[in-house]
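Commentary on secondary and tertiary structure
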Amino acid sequence: METPHRVSTLELFFDLVFVFTITQLTVLLADDLSLRGAGQVLLIFTVLFWMYGGYAHLTNQVPPDRTVRRLLLILAMGAFLVCALAVPTAFGAGGVAFGLGYVCVVLVHSALYTQAHGSGVLWFALPNTLCALSVLAAGFFDGPPAWGLWVLALLIQFAVPQLVQRVAASGAASAGAETGAGAAPGAAEAVTTVSDQLGGMSAEHLVERHGLLLIIVFGESVIAIGIGTGSLPLSVGIAGGAFLALAVASALWWMYFVRDEGRAEEVFAETAPEKRFKLAMLAYYYAFLPMLLGIAAFAAGVKKTIGHLGEHLHTGPALALAGGVAVYLAGDLAFRAVLGIGPARFRAAALVLALATVPVGTGTAGLWQLVALVVVLLGALGAELRWTPARTAATGSG
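What comes next concerns the included structure. (Residues numbered from 1 in each chain as written. Predicted model: local features only at pLDDT ≥ 70, side-chain atom pairs only at ≥ 80, totals over all residues. Heavy atoms only, no water.)

Some words on the overall build of the protein
The condition is simple: What counts as a helix is a DSSP run of H or I of at least four residues, what counts as a strand is a run of E of at least two, and both are numbered from the N terminus. For every residue, the accessible area (1.4 Å probe, protein chains only) is compared with the maximum for its type, and the residue is labelled buried under 20%, exposed over 50%, or partly exposed between those bounds. Throughout, a residue-residue contact means that at least one pair of heavy atoms, one from each residue, lies within 4.5 Å. In these tables, accessible area is a Shrake-Rupley quantity obtained with a 1.4 Å probe, and a residue counts as shielded only by the protein chains included in the view.
Across its full length, the protein holds 17 helices and 0 strands. Residue burial in the protein is summarised as follows: out of 398 residues, 54% are buried. Nonlocal contacts in the protein, meaning residues at least 24 apart in sequence, comprise 80% of its contacts between residues at least 6 apart. Summed over all atoms, the accessible surface of the protein reaches about 16500 Å², with 71% contributed by carbon and sulfur.

Printed below as a string of structure tokens:
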């Protein structure tokens, strides 16, 4: 039976600092609602979230319960803060500062992980360092060379899990052969240590940690309401628009925390510890990325809309509102598919209908687009409650 492992207050503090990067990305997107701006946000956040996931897995296996570990984690928080401060100019004057901060994030992560893996950390520490150096190098260039180096960093990131598992597997095979030929007992176990320990994570801590991150990010959408209103007088229209924006965020919250989180923890608890790393990568990295980015995009749309609720929206803000909800739903559908906790059909329909609200915002007013989004999301939740009132079995995908 697993020992209960809850999220510490230092980890929550760490998450609060990390979420500032999402706040900065929301500002970046709100200032540049274009394909270029969206591309920068996608690259920056994908790179940053990779190392956030690295720290989530790290503290799952190496709890910050010693002074040295706590100090190193605080140092990593400072490095993430530097990255966050440099986000608005990461593709310009702040690129080098961002890169230096990111290099520090990676090096501290590697240092802490040596306490769990020893020299085995090199299999993922070296690729992570190459990724960070690519980001740092991008800071010295403008235009296509900078974009190319950022894309290279992403490619290195995506290769790390496959590299670690394949090296461990091939190492295990060769060690097994050597053992059969008279090698020292335990050689195979030594080679597979990295893979085994990456998988041996606490299901309870993993789900709780990412749930806390998500709820903090939802707070960004609430802050966006206040920033969007600025110094405007609090009229009935603005109060109504704020309530609608909160209703959209609340519906998205409901979809994960009421319908998905508990079942996700059950699935991870039932999964063999050595298989959890791969499942966590699929559910809490690849699927969570669009969920978090969707909230950030919706928040950017709210900032641009809340003060102009009675006006026709430009395409950018309308796309940010609808696209943010749709991207979140796409990530949530992927999350459910990975863990087998359907149904999917109602949320898939909501995704399509959310995108269909763009003409509502551009053709009528931002207020009516928010109303439409609320109706779509409540409709999806109502349909789930009506036709799948009981908890769906883990194998159901709808």
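Some words on the nonpolar core
Formally: Definition used in this section: a nonpolar core is a set of buried Ala, Val, Leu, Ile, Met, Phe, Trp, Tyr and Cys residues joined via side-chain atoms within 4.5 Å.
Ranked by size, the top nonpolar core spans 124 residues in total, and within it Tyr55, Tyr102 and Phe335 carry the most contacts. Per-element tally for this core: the top contributor is helix H2 (residues 35–61), with 13 residues. Residues contacting Tyr102, with those up to four places away along its chain left out, are Val47, Leu48, Trp50, Met51, Cys83, Cys131, Ala132, Val135 and Gln157.

Considerations on the pattern of salt bridges
Two side chains of opposite charge can pair, provided their charged atoms sit close to one another. Heads up, the rule is: Salt bridges, as used here, are contacts in which a Lys or Arg side-chain nitrogen is within 4 Å of a carboxyl oxygen on Asp or Glu.
Applying the stated rule across the entire model yields 13 salt bridges. Measuring nitrogen to oxygen at the nearest pair gives 3.2 Å for the salt bridge that ties Arg6 to Glu208. Taken together, the positions of Arg6 in the segment before helix H1 (9–31) and Glu208 in helix H9 (residues 203–229) put the pair 202 residues apart, joining distant regions of the chain. Salt-bridge contacts for Arg347 lead to Glu384; the nearest nitrogen and oxygen are separated by 2.6 Å. Taken together, the residues Arg347 in helix H15 (residues 345–355) and Glu384 in helix H17 (residues 366–387) connect sequence positions 37 residues apart. Relative accessible area serves as the criterion here: at 0%, Arg347 is assigned to the buried category. Of the residues examined, Glu384 reaches a relative accessible area of 1% and is grouped as buried. Salt bridges linked by common partners bring Arg259, Asp260, Arg263, Asp332, Arg336, Arg347 and Glu384 together as one network.

Topic: H15
So the rule is basically this: Our arc is simply the arc of the directions from the helix axis toward the C-beta atoms.
Buried residues of H15: Phe346, Arg347, Ala350, Leu351 and Ala354, and no others. Angular distribution of buried residues about the axis of H15 spans 145°; they occupy a single face of the element. Where the residues of H15 are buried, they touch helix H10 (236–257), helix H14 (315–339), helix H16 (358–363) and H17.

Some remarks on the packing of aromatic side chains
Formally: The aromatic pairing rule takes the rings of Phe, Tyr and Trp, using the six-membered ring of Trp, and pairs them if the centres are within 6.5 Å, calling planes under 30 degrees apart stacked, those over 60 edge-to-face and the rest tilted.
Tallying each qualifying case throughout the model produces 28 aromatic pairs. Ring geometry for Phe98 versus Trp150: centroids 5.4 Å apart, planes at 50°, classification tilted. Residue Phe98 is found in helix H4 (residues 95–117), and its partner Trp150 is found in helix H6 (residues 144–180); the two are separated by 52 residues along the sequence. Classification of Phe98 as buried rests on a relative accessible area of 0%. With a centroid separation of 5.5 Å and 65° between ring planes, the pair formed by Tyr256 and Phe335 is classed as edge-to-face. Taken as a pair, Tyr256 in helix H10 and Phe335 in helix H14 lie far apart in primary sequence, 79 residues in all. One exposure class covers both Tyr256 and Phe335, and it is buried.

What to know about empty space enclosed by the protein
The criterion, for reference: Here a cavity denotes grid points, spaced 1 Å and computed from the protein atoms alone, that fit a 1.4 Å probe unable to get out, and a pocket denotes an open set having protein on both sides within 12 Å along at least 5 of 7 lines; residues with an atom within 4 Å of a point are the lining. Grid points are joined across faces, edges and corners, and a volume is the space filled by probe spheres set on the points.
With the rule as written, the count across this model stands at 2 cavities of 30 Å³ or more. The volume enclosed by the second largest cavity comes to roughly 30 Å³. Forming the boundary of the second largest cavity are Leu58, Thr59, Val62, Pro63, Pro64, Arg69, Leu73 and Leu112. At the level of secondary structure, the elements contributing two or more residues to the lining of the second largest cavity comprise H2 and helix H3 (67–86).

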